[in-house]
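# Secondary and tertiary structure notes
Spelled out from the first residue to the last, the chains are:
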Amino acid sequence: GAVVSQHPSWVICKSGTSVKIECRSLDFQATTMFWYRQFPKQSLMLMATSNEGSKATYEQGVEKDKFLINHASLTLSTLTVTSAHPEDSSFYICSASSGTDYEQYFGPGTRLTVT
Amino acid sequence: GQNIDQPTEMTATEGAIVQINCTYQTSGFNGLFWYQQHAGEAPTFLSYNVLDGLEEKGRFSSFLSRSKGYSYLLLKELQMKDSASYLCAYLYNFNKFYFGSGTKLNVKP
């Protein structure tokens, strides 16, 4: 149990375009989902926390108008990178928490390359 | 972040024991989690501590001292497959995690 999927697993896009990444909890209801970014050889940096049906809470320094997060249901959250630039190239990982314990379950990640 | 510090890299021998330390600032603390991450993959959960003391789980153990803002992950009987990055993560205000920079462990034959 406790499986989280992400789609796509990788994406290559041109500078200036927008990219949407989906995060789904497959066998549990995720009251909270987290989005992280990880640059090569660095640790995970929390970008934002989203609760179903409410606006996401962004970490300091993360542009909410550039990284749009929607948590429309208890099993789906999406991250849209708008007007992507090469410096946005990174590994984006989501995690989900059921709220019954503090464990979070990670998706497999999405590798974004902006050319 | 929450000023989470851990060593950047460590090397150990197959079959040995290694301890990876993690220190953090103590405000808003609700738990300390340890994850393993292989290159290009998402982290996988290893262990967590909410109260002081040692939690043992097979070859992996984790220790916490809340008063000192200190935790460690102990790996016994090291195997080559244990070569990975180990991340400590701090649960803050019961609703978000902040990760340390990770410790890359190299296990040599």
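For the structure, see preceding data.
Quick look at the structure, then. (Residues numbered from 1 in each chain as written. Chains lettered and ligands numbered in written order. Predicted model: local features only at pLDDT ≥ 70, side-chain atom pairs only at ≥ 80, totals over all residues. Heavy atoms only, no water.)

## Comments concerning the overall build of chain A
Summing up its helical and strand segments, chain A has 0 helices and 11 strands in all. Ordering the α and β elements of chain A from the N terminus gives β-β-β-β-β-β-β-β-β-β-β. Computed over C-alpha atoms, the radius of gyration of chain A comes to 13 Å, within 12% of the 13 Å expected from 2.2 N^0.38 for 115 residues, which places it in the range of a compact globule. Dimensions of chain A along its principal axes, counting C-alpha atoms only, are 40 × 25 × 25 Å. Long-range pairs, those at least 24 residues apart, make up 54% of the contacts in chain A with a sequence separation of at least 6. Per element, the accessible surface of chain A, about 5,700 Å² overall, is 52% carbon and sulfur. (Helix = DSSP H or I, 4+ residues; strand = E, 2+ residues; numbered from the N terminus. Rg over C-alpha atoms; globule rule 2.2 N^0.38 Å. Contact = heavy atoms within 4.5 Å. Areas by Shrake-Rupley, 256 points an atom, 1.4 Å probe, with all protein chains shown as cover.)

## With respect to the environment of Met80(B)
Residue and element names in this part refer to chain B. Tracing the chain through its elements places Met80 in the loop between β7 (70–75) and β8 (84–92). Among the residues examined, Met80 registers a relative accessible area of 36% and is labelled partly exposed. Here the alpha-carbon distance between Met80 and Lys108, two residues 28 residues apart in the chain, equals 6.9 Å. Those residues in contact with Met80, other than ones at most four positions away along the chain, are Glu14, Val107, Lys108 and Pro109. (Buried < 20%, exposed > 50% of the residue type's maximum accessible area, 1.4 Å probe, protein only.)

## So, the packing of aromatic side chains
All names here are of chain A. Applying the stated rule across the entire model yields 20 aromatic pairs over all chains. Centroid distance Tyr36 to Phe106: 5.9 Å. Interplanar angle 40°. Geometry classified as tilted. Here Tyr36, found in strand β4 (residues 32–38), pairs with Phe106, found in strand β10 (residues 105–106); they are 70 residues apart in sequence, far enough to count as distant. Against the face of Phe67 rests Lys66, its NZ or CZ located 5.9 Å from the ring centre. (Phe/Tyr/Trp six-rings, centres within 6.5 Å; stacked < 30°, edge-to-face > 60°. Lys NZ or Arg CZ within 6 Å of the ring centre and 35° of its normal.)

## What to know about the sheet that holds strand β8 (residues 76–81) of chain A
Residue and element names in this part refer to chain A. Pairing is antiparallel across the open sheet formed by 4 strands, whose spatial order is β1-β3-β8-β7. Strands at the two margins of the open sheet, each flanked by one partner only, are β1 (4–7) and β7 (67–73). Here the average twist between neighbouring strands, direction ignored, is 15°. Inspection of the sheet shows β1 paired to strand β3 (residues 19–25) by 4 bridges, in the antiparallel sense. Bridge pairing in β3 places Val4 opposite Ser25. (Pairing = 2+ DSSP bridges. Axes fitted to C-alpha atoms, helices over the stretch in contact; angles between N-to-C directions.)

## Observations regarding the pairing of strand β11 (residues 110–114) of chain A
All names here are of chain A. Burial along β11 is one-sided: the residues Thr110, Leu112 and Val114 are buried and none of Arg111 and Thr113 is. Sheet topology places strand β2 (residues 10–13) next to β11; 4 bridges connect them, and they run parallel. Along β11, the bridge assignment pairs Ile12 with Thr113. Pairing of strand β9 (residues 90–97) with β11 involves 3 bridges; the strand directions are antiparallel. For Ser90, the partnering residue across the bridge sits in β11 and is Leu112.

## Section: the pattern of salt bridges
All names here are of chain B. For the structure shown, the criterion picks out 5 salt bridges over all chains. Between Asp52 and Arg66 there is a salt bridge, and its shortest N-O distance comes to 3.0 Å. Of this pair, Asp52 sits in the loop between β4 (44–49) and β5 (53–57) while Arg66 sits in the loop between β6 (60–65) and β7; the two residues are 14 residues apart in sequence, bridging distant segments of the chain. The class of Asp52 is partly exposed, set by a relative accessible area of 44%. The residue Glu56 makes a salt bridge to Lys76 at a minimum N-O spacing of 3.6 Å. Placement of Glu56 in strand β5 and of Lys76 in the loop between β7 and β8 is noted, with a sequence separation of 20 residues between them. (Salt bridge = Lys/Arg side-chain N within 4 Å of Asp/Glu carboxyl O.)

## A look at the interface of chain B and chain A
Listed per partner, the contact involves 19 residues of chain B and 19 residues of chain A. Among the residues of chain B in contact with chain A, Lys96(B), Phe97(B) and Phe99(B) are the three that bury the most area, contributing 30% of the side total. Put simply, chain B and chain A have 0 salt bridges between them. Scanning the region where chain B abuts chain A turns up 3 residue pairs in polar contact (both at pLDDT 80 or more). Looking at the side of chain B that touches chain A, the elements with two or more residues in it are β3 (29–37), β8 and β9 (96–99) of chain B. The element best represented in the side of chain B that touches chain A is β9(B), accounting for 4 residues. Looking at the side of chain B that touches chain A, its residues break down into 11 nonpolar, 6 polar and 2 charged. (Buried area = accessible area lost by both parts, 1.4 Å probe. Polar contact = N/O pair within 3.5 Å; in protein donor to acceptor, adjacent residues only side chain to side chain. Nonpolar A, V, L, I, M, F, W, Y, C, P; charged D, E, K, R; others polar.)

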